[in-house]
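Architecture at a glance
Spelled out from the first residue to the last, the chains are:
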Amino acid sequence: VYDCTLGYEEGVPTLWQFAKGFAPRAHLHVRRFPMDSLPTTEEGLGEWLYARFEEKDHLLDRFYTEGRFSET
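A short tour of the structure in this document, coming up. (Residues numbered from 1 in each chain as written. Predicted model: local features only at pLDDT ≥ 70, side-chain atom pairs only at ≥ 80, totals over all residues. Heavy atoms only, no water.)

All right, on to the overall build of the protein then. Along its length, the protein carries two helices and two strands. The secondary structure elements of the protein, listed N-terminal to C-terminal, are β-α-β-α. On C-alpha atoms alone, the protein measures out to a radius of gyration of 15 Å, which is more than a quarter above the 11 Å that the 2.2 N^0.38 rule sets for 72 residues. Each principal axis of the C-alpha distribution contributes one length, and for the protein these read about 45 × 30 × 15 Å. (Helix = DSSP H or I, 4+ residues; strand = E, 2+ residues; numbered from the N terminus. Rg over C-alpha atoms; globule rule 2.2 N^0.38 Å.)

Structure (C-alpha cells):
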C-alpha cells in the first residue's frame, strides 16, 4: 500500500485553476506499507487508516508552515 500526500507551494488550486491549465509547483511525500504489516481485522484496519490521516494532517500542517514535509 502506498500512502501519498501532495502539497502545493502556492496553496491548493481550485477546480477552475486546474481546468485552465494552472499547474503549480507541488511536492509529493510517499510511504510504502507492506501488505503483511497491515491489520487483518476491519476494526484494526479502520484504526490504522484513521492514524494515517492524522499523520497526513500533521505533514500538511508542517508543509504549509515550513514549506517542507520533513527535516531532510
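Summarising the element assignment, Cys4 is placed in strand β1 (residues 2–8). Taking the C-alpha atoms as reference, Cys4 lies 12 Å from Asp57; in sequence the two are 53 residues apart.

Using the criterion set out here, one finds four aromatic pairs in the structure. Taking 6.4 Å as the distance between ring centres and 70 degrees as the angle between the ring planes, the aromatic pair formed by Tyr8 and Phe18 counts as edge-to-face. Here Phe18 lies in helix α1 (residues 15–19) and Tyr8 lies in strand β1, a separation of 10 residues in the sequence. For Phe18, a relative accessible area of 44% puts it in the partly exposed group. Taken together, the aromatic side chains of Phe63, Tyr64 and Phe69 make up a single cluster linked through ring pairs. (Phe/Tyr/Trp six-rings, centres within 6.5 Å; stacked < 30°, edge-to-face > 60°. Buried < 20%, exposed > 50% of the residue type's maximum accessible area, 1.4 Å probe, protein only.)

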